[in-house]
Amino acid sequence: MNGFAAAAVAVIGAYLAGSLSFAVIVSRGFGLADPRSYGSGNPGATNVLRSGHRAAAALTLAFDALKGFVPVLAVQAFGPRFGLGEGSAAAVALAAFAGHLWPVFFRFQGGKGVATAAGALLALNPWLGAATLLTWVIVAAFFRYSSLASIAAAVFAPFYQLLIWGLTPALPAIAAMCVLLLWRHQGNIRKLVAGTESRIGTKASAAAGPTPRHPVNQHPDRPRARARGHQKKGP
């Protein structure tokens, strides 16, 4: 297999891995409502947390990060024998991220890609990934907004890469992921400005599933009883 074919296989495989929407898969496994049907409607760990099920949210976060981390790590480990270098690893990172945003297995209705991007960055450059995650943690701890923390991390990550490690083959892919992250957070930015954005840990009332419908007259016997009480007694 030549280098171009190997790179194509790696990119397609990363996209397919990224297309696994673990927020939906894990929620189904735990018998929870589809995360696209409540809260922000985003199939991601933060929205799954709004269901009140922390284990499901933690698993979603871990698997979403791994689907960005593992493909990049695989290219770094096995790619050199096929002539794949840092540029190919960066392309694979972007493909996995794109798979999360537009998953082929879920009608191209994906999430915002924060955890997947974090996993990809940790594989591309562990120090860059750690710095970006630290930015997220600091902002989230102070303001309790996951979206604001993600926006801040997306803004700073390319600057960290450029200022500390300079112009590398990975920079275009990193910048593209961050721009897409900001684009996917347009609705959150509007809510933050309006003061209506949900904070971390806020539960969504619809997360437990659809509310059963009851007939308007829940006690059909009561009107009859009242009617009998108003009937005139016979002589």
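A brief report on the enclosed structure follows. (Residues numbered from 1 in each chain as written. Predicted model: local features only at pLDDT ≥ 70, side-chain atom pairs only at ≥ 80, totals over all residues. Heavy atoms only, no water.)

## Comments concerning the packing of helix α2 (residues 22–29) against helix α4 (residues 54–78)
Any two packed helices are characterised by how steeply their axes cross, that is the angle between the axes, and by the distance between the axes.
(1) Moving on: Where α2 contacts α4, the two axes come as close as 9 Å, and the packing angle between them is 145°. The hand of the α2/α4 crossing is right-handed. Across the interface between the two elements, Phe22, Ala23 and Val26 of α2 pack against Ala56, Leu59, Thr60, Phe63, Asp64 and Lys67 of α4.
(2) Moving on: When grouped by side-chain class, the residues that make up the contact of α2 with α4 number six nonpolar, one polar and two charged. (Axes fitted to C-alpha atoms, helices over the stretch in contact; angles between N-to-C directions. Helix = DSSP H or I, 4+ residues; strand = E, 2+ residues; numbered from the N terminus. Left-handed = near helix turned anticlockwise from the far one by under 90°. Contact = heavy atoms within 4.5 Å. Nonpolar A, V, L, I, M, F, W, Y, C, P; charged D, E, K, R; others polar.)

## Quick look at the packing of helix α1 (residues 3–18) against helix α5 (residues 86–101)
(1) Moving on: Running from N to C, α1 and α5 cross one another at 30°; their axes reach a closest spacing of 6 Å. Between α1 and α5, the angle falls in the class roughly parallel. You can see that α1 and α5 cross each other, and the crossing is right-handed. Only Ser88, Ala91, Val92, Ala95, Ala96, Ala98, Gly99 and His100 of α5 make contact with α1, whose side of the interface consists of Ala7, Ala10, Val11, Ala14, Tyr15 and Gly18.
(2) Moving on: In terms of residue class, the contact of α1 with α5 is made up of 10 nonpolar, four polar and no charged. (Parallel < 35°, antiparallel > 145°, perpendicular 65-115°, else oblique.)

## Here's the deal with unusual backbone geometry
(1) Moving on: The residue Arg107 is not glycine, and still its phi comes out positive at about 60°.
(2) Moving on: For Arg107, the position within the fold is in the loop between α5 and α6 (114–124).
(3) Moving on: Residue classification places Arg107 among the exposed residues on the basis of a relative accessible area of 73%. (Buried < 20%, exposed > 50% of the residue type's maximum accessible area, 1.4 Å probe, protein only.)

## Considerations on the nonpolar core
(1) Moving on: In terms of nonpolar packing, the biggest core is built from 27 residues, with Val72, Ala93, Phe97, Leu121, Leu124, Ile174 and Met177 touching the most fellow members.
(2) Moving on: Elements with a contribution of two residues or more to this core: α1, α4, α5, α6, α8 (146–165) and α9 (171–184).
(3) Moving on: Ignoring any residue separated from it by four or fewer positions in sequence, one finds Phe97 in contact with Lys112, Gly113, Thr116, Ala117, Met177, Leu180 and Leu181.
(4) Moving on: Membership of the second largest hydrophobic core comes to six residues, among which are Ala23, Val26, Val48 and Ala56. (Core = buried A, V, L, I, M, F, W, Y, C linked by side-chain atoms within 4.5 Å.)

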